[in-house]
Each structure stands twice: as C-alpha cells, then as structure tokens.
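# Results of the structural survey
Here is what each chain is made of, one letter per residue.
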Amino acid sequence: MNVSKTLFAQLMDYLPWSTFDRIVARYDGNRAVRTLPCATQYQAMAFAQVTYRESLRDIEAALSAQSAKLYHMGFHGPVRRSTLADANEARDWRIYAEFAQRLIVQARRLYTGDSLGAELTGTAYALDSTTIDLCLSVFPWAHFRSTKAAMKLHRLLDLNGNIPSFIHISDGKLHDIHVLDMLLPEPGAIYVMDRGYVDFARLHVLHQAGAFFVTRAKSNLDAHRVYSAPVDRTTGLICDQTIALDGYVTRHDYPQHLRRIRFRDAETGKRLVFLTNQTMLPALTICALYKSRWQVELFFKWIKQHLRIKRFYGTSENAVKTQIWIAVSVYVLVAIVRKRLGLEASLYTLLQVLSVTIFEKMPLRTAFLAEVCRSDKAMDDNQLNLFSF
C-alpha cells in the first residue's frame, strides 16, 4: 500500500474505477465537463459521507482547510460548492445508482460464506421500507400529502452479511406491497417481511417460484386449522399449525395450506402469530428468522443517523437521489473493505475511525487496527452499534 496516500485515497482505491468509467460513458456523464468530472464529484460526495459534512459549504471549507493534502487524497484541485451543486443537479443519478448496484454484487459475493445459523444454510432476505420526510415547499416534486413531502427507501437486505441486494427509491405514496412486484424471486430463498406486505396473491407468486416467506398474520385473518404439530411450550411456542384460508378472495389467491406459528416473546410478553409456507424448518427457527428482520430496521435507523440523508445538499429530485445512492455505495464500500482486510469491528466503528483519520497518511489496515480497540472500548453501550457480526 502506498503510504504517501491519505486514508481517504486508499479507501477510494478499493472502488472499481474502470467499471465506474464505463457507466459514466454509458450515460454521457462527462459531456461538456471542464473542472469537475463525475469521478471527482463522487469523491467529494463520498468525503462528505465519511466525514459527516452538513452542507456544500461545509464540504468546501473542510477540503480547503487541508488544501496541501488534496493531491494525496486524489483531488487535482479545489472543490467549489457552486460547481458541486451544479454537478449534483445535472449529472444523471442513475450513474451512481448503477455503480452502487455493482458494489452490492461485489459485497454479496464476499459475504456469501457468512452463516445465519446451523439450521439455516440457504439465503434469507429481510424486506422493509422507510419514509424520508421532506419539506413540501422545498421539495414540491416529492408530494406525499396535502401539507407534506416524502420519499420512500425500499430495501431488501441479505441477512448473510447484512448487505442490501435490492434498493428502490419511490415517492411516499407507493404502498409497500407493490415492491413485491419488482422482485425477481429466488428459488429456495426465504423472504422475511412485516404485515404491510401481506397480499396473498403476491405471496402465492413467491410460493410458485419456489421461494419461501415469513411474515406476521393480520388480526382479521379468516382461516381454519387443518392440523396441529406438537410443540414444547417451555420454549415460548404456543402452537404450530397447518391452516387453510377461508376468505372468499384469499382462498382463491392462495389455495394451498399455510403454516401458522404462535409464539410468546419472553422479553416483551407479546404474543406473535407468524405465517409461512416453509414447512421443513423448526418452529423456533421461523421465529428467530422474523426477529432477524430487525436488522433491516436497524439499518434504516443507522443510515439515517450516520449517513448524510437527513440534510440534503440539493433540492431537485436528481440531486437527492444522487446523494442517497452515493451514501449507499459508501456504506457498501466500507463493508467490502472490512471483509477484505479481515476486520472484526462493526461498520459503525470503522466509519467513526475514518471520520477522524481521513487525512492521515498511514496504511489503512494499520489505522483500523490501532484505533478500533480504543473505539470499541470507549463506545457508549447505548449508542446504536449496527452489524457487529
């Protein structure tokens, strides 16, 4: 590793820049560009993500303060906020969306060997969405309600490594169940989702494709018991049943039997009812799988708190989507670096280390190994620490 480079430049070296150049060429991203090509725009926005910059002025000031190190960071000149603003407005956001998807493929390949547990060796996904509230007067293109604007970030998280495998950004009015129409079901995979995705016609499409699902049953579920399997009630299980739907519409939408599991959570005392078409796994494994769905909710909470999508650097749809996709790609890039360097620290810790050492000139691995132990020991137990897998 070239130690004359800053940690930021070394981090950027893990990106497949040849792939990025091909994507830029496909969308003609550098047409009529003189001072800030797409690669430099990406680097500036990635710097903002890693160092938690709050605005374009903040990005410009932080880079200007370290002007002597800009060359060693990979920048060939100063970054002006007006030029960066124009780039975020004009450069096609699909460049960064496609690049993030390429990184996701690379990260998932690296984390393929991670196991979810002894009883589950296949692929499991957690599906969920989060709403990003916006100001209607500033973001009129994201109209949600009469006095409110919003966007939705839909995410399918691969629980082997907690790497996103599908991302869709929509307006706030898109109902969650429509995202199921966008998925290409993977035979043998398990899709874990909450009650907002319960649509028996769409769930039957998953079933016919050879995929499995785990979800919560709605309180008004109209069904009858066909068979009850014995359960050990000391484990929290109440029943493990095979059921048939009785509703006029639902029994036509999903004509096969389903499995219904009732479980009492010892921690909260709540009684949960799960529905699945997976009949081979033990009932407790099904319950544990649904609990793992919290990883995707923690991911949304984490990405909102620690990546710069709470305050946007631009107000157009193109600028907002550019920022979101670059934020996602930075997260995935750190996950790739974590795996390739064989680090055990959480992504939260690695990003914190990068945020305070980004201008330093030392091997990337040395920086992490020197700071991670102190960071982990000093971390407040109440601080959200995501993906300490």
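Source: prediction; values computed, not measured.

With that out of the way, let us pick up a positive patch on the surface. Where like charges cluster on the molecular surface, the positive patch consists of Arg233, Arg262, Arg264 and Arg271. Secondary-structure assignment places Arg264 in strand β9 (residues 258-264).

In this section: helix α13 (residues 347-357). Taken across its 11 residues, α13 has 9 buried, putting it largely inside the fold. The set of residues buried in α13 consists of Leu347, Tyr348, Thr349, Leu350, Leu351, Val353, Leu354, Ser355 and Thr357.

With that settled, the discussion passes to unusual backbone geometry. In the Ramachandran plot, Ala32 falls in the positive-phi region, its phi being about 60° despite a non-glycine side chain. Locating Ala32 in the fold gives a position in the loop between α2 (17-26) and α3 (38-51). Among the residues examined, Ala32 registers a relative accessible area of 75% and is labelled exposed. Positioned with a positive phi, Tyr52 is a non-glycine residue whose angle comes to about 60°. Tracing the sequence through the fold places Tyr52 in the loop between α3 and α4 (56-65). Owing to a relative accessible area of 19%, Tyr52 belongs among the buried residues under this scheme.

This brings us to the confidence of the model for the protein. Confidence along the protein averages 84 in pLDDT terms, with 87% of residues attaining 70 or more. In the predicted structure, residues 378-389 sits below a pLDDT of 50 and forms 34 contacts with residues beyond four places in sequence or in another chain.

Along the chain, Glu98 turns up in helix α7 (residues 94-110). Every residue in contact with Glu98, bar those within four places of it in the chain, is listed here: Ile23, Arg26 and Tyr27.

Next up on the list: the packing of aromatic side chains. Tallied over the entire structure, the rule returns 14 aromatic pairs. On the numbers, 5.3 Å between centres and 80° between planes, the contact of Trp17 with Phe20 is edge-to-face. Of this pair, Trp17 and Phe20 are both found in helix α2, 3 residues apart, which corresponds to roughly one turn of the helix. A relative accessible area of 22% places Trp17 in the partly exposed class. A connected cluster of aromatic rings, assembled from ring pairs, spans Trp17, Phe20, Tyr42, Tyr96 and Phe99.

A few words on the pairing of strand β3 (residues 148-158). A regular strand carries its side chains on alternate faces of the sheet. Of all 11 residues in β3, 10 are buried, a share of seventy percent or more. Judged from the 10 bridges that link them, strand β1 (residues 124-134) and β3 form a sheet pairing that is antiparallel. Residue pairing in the sheet places Ala126 in a bridge with Leu157 of β3. When strand β2 (residues 143-145) meets β3, the two strands line up antiparallel, connected through 2 bridges.

Definitions and cut-offs
- Residues numbered from 1 in each chain as written.
- Predicted model: local features only at pLDDT ≥ 70, side-chain atom pairs only at ≥ 80, totals over all residues.
- Heavy atoms only, no water.
- Patch = residues over 30% accessible without salt bridge, like charges linked within 9 Å, V, L, I, M, F, W, Y side chains within 5 Å.
- Areas by Shrake-Rupley, 256 points an atom, 1.4 Å probe, with all protein chains shown as cover.
- Salt bridge = Lys/Arg side-chain N within 4 Å of Asp/Glu carboxyl O.
- Lys, Arg positive; Asp, Glu negative; His and termini not counted.
- Charge placed at Lys NZ, Arg CZ, Asp CG, Glu CD.
- Helix = DSSP H or I, 4+ residues; strand = E, 2+ residues; numbered from the N terminus.
- Buried < 20%, exposed > 50% of the residue type's maximum accessible area, 1.4 Å probe, protein only.
- pLDDT = per-residue confidence, 0-100.
- Contact = heavy atoms within 4.5 Å.
- Phe/Tyr/Trp six-rings, centres within 6.5 Å; stacked < 30°, edge-to-face > 60°.
- Pairing = 2+ DSSP bridges.

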